[in-house]
Amino acid sequence: MRKADWYFDFISPFAYFAWLRLGEFSDRLEIRHRPILFAGLLNHWGQKGPAEMAPKRAWTYRWCAWWAAEHAIEFRFPARHPFNPLPYLRLAIAAGNTPQAIDTIFKTLWTTGADAADEQVLRGLMESLRVDADALAAAEVKEALRSATQGALEQGVFGVPTLVIDNELFWGADAMGFAAAYLADPAIIATAEMQRIAALPIGVMRKPG
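Residues numbered from 1 in each chain as written. Predicted model: local features only at pLDDT ≥ 70, side-chain atom pairs only at ≥ 80, totals over all residues. Heavy atoms only, no water.

**Quick word on the side chain of His 81**
Thought 1: Mapped onto the fold, His 81 is located in the loop between helix 3 (54-70) and helix 4 (86-94).
Thought 2: Taking relative accessible area as the criterion, His 81 reaches 11% and is therefore assigned buried.
Thought 3: At 2.6 Å, the side chain of His 81 and the side chain of Tyr 61 are in polar contact.
Thought 4: Ignoring any residue separated from it by four or fewer positions in sequence, one finds His 81 in contact with Ile 11, Pro 13, Arg 57, Tyr 61 and Trp 110. (Helix = DSSP H or I, 4+ residues; strand = E, 2+ residues; numbered from the N terminus. Buried < 20%, exposed > 50% of the residue type's maximum accessible area, 1.4 Å probe, protein only. Polar contact = N/O pair within 3.5 Å; in protein donor to acceptor, adjacent residues only side chain to side chain. Contact = heavy atoms within 4.5 Å.)

Here's what the structure looks like:
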């Protein structure tokens, strides 16, 4: 079975939406779950996150609520967003990056309206996943997160969630259909038009500042 990497951060509602669809690939892909720090990607590429632009933040939150309702997805924004995802990313790693652990964390953060900054939320998850404070703070856990984030950057990952198949990036919850089409026929990204746009020259560059 082909292998793939799925890069995600619990801070992203789109990562939650994509998570709910990953099972569609279970018969075609062996997916390695890679928690990474979204802020590390933003810093590297010099970008702002959607929640850092007030109008985009408001629109994104509304769209997510609408999308979830349209698709009958259990969903509720956390009490505060953005939140610091670091302890939850480390928790997933300390729990072995198992689908059960990742699912538990996602659903706690994205279906209950919980305040991710509340220590009781983290403690409850730690108890549920049988991860103690020492395991959460272990140097190897911190290094695994740093290494995964660096690995994502080396693969050209610029946002979350991103599914990487054969070194091809499929970014966003709405890229799942594209990924499925690629698996069915990899030639779809090798057409003349796909090759043309891959080498498309830049017409103008925005000046910084």
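Alright, that's what it looks like, and here's the rest.
**Quick notes on the side chain of Thr 60**
Thought 1: Mapped onto the fold, Thr 60 is located in helix 3.
Thought 2: The exposure class of Thr 60 is buried, given its relative accessible area of 8%.
Thought 3: Aside from chain neighbours lying at most four places away, what touches Thr 60 is Phe 14 and Pro 50.

**Some thoughts on the packing of aromatic side chains**
Thought 1: Tallying each qualifying case throughout the model produces 26 aromatic pairs.
Thought 2: Between Phe 10 and Phe 106, the aromatic rings sit 4.7 Å apart at their centres with planes inclined by 65°, giving edge-to-face as the arrangement. Of this pair, Phe 10 sits in the loop between strand 1 (2-8) and helix 1 (13-19) while Phe 106 is found in helix 5 (residues 99-111), placing the two residues 96 residues apart along the sequence.
Thought 3: You can call Phe 106 buried: its relative accessible area is 0%.
Thought 4: Relative to Tyr 88, the ring of Phe 83 has its centre 6.3 Å away and its plane inclined at 80°; by these criteria the two rings are edge-to-face. For the pair formed by Phe 83 and Tyr 88, the shared burial category is buried. (Phe/Tyr/Trp six-rings, centres within 6.5 Å; stacked < 30°, edge-to-face > 60°.)

**Comments concerning the pattern of salt bridges**
Any two side chains of opposite charge can pair, on the condition that their charged atoms come close.
Thought 1: Taken as a whole and assessed by the stated rule, the structure comprises eleven salt bridges.
Thought 2: Between Arg 32 and Asp 5 there is a salt bridge whose closest N-O contact spans 2.9 Å. Highlighted residues: Arg 32 in strand 2 (residues 29-35) and Asp 5 in strand 1, separated in sequence by 27 residues.
Thought 3: Its salt-bridge partner being Arg 21, residue Glu 24 comes within 2.9 Å of it at the nearest N-O pair.
Thought 4: What makes Arg 21 partly exposed here is its relative accessible area of 33%.
Thought 5: A network of salt bridges, in which partner residues are shared, links Asp 5, Arg 32 and Arg 34. (Salt bridge = Lys/Arg side-chain N within 4 Å of Asp/Glu carboxyl O.)

**Remarks on the nonpolar core**
Thought 1: If you look at the biggest cluster of nonpolar residues, it comprises 52 residues, and the most contacted ones within it are Trp 6, Phe 10, Phe 106 and Leu 163.
Thought 2: When sequence neighbours within four positions are dropped, the list of residues in contact with Phe 106 reads Trp 6, Phe 8, Phe 10, Ser 12, Ala 15, Tyr 16, Trp 19 and Thr 111.
Thought 3: Membership of the second largest hydrophobic core comes to twelve residues, among which are Ile 11, Ile 36, Ala 152 and Val 160. (Core = buried A, V, L, I, M, F, W, Y, C linked by side-chain atoms within 4.5 Å.)

**Some remarks on helix 4**
Thought 1: Buried residues of helix 4: Pro 87, Tyr 88, Leu 89, Leu 91, Ala 92 and Ile 93, and no others.
Thought 2: Of the residues trailing helix 4, Gly 96 is marked for its positive phi of about 90°.

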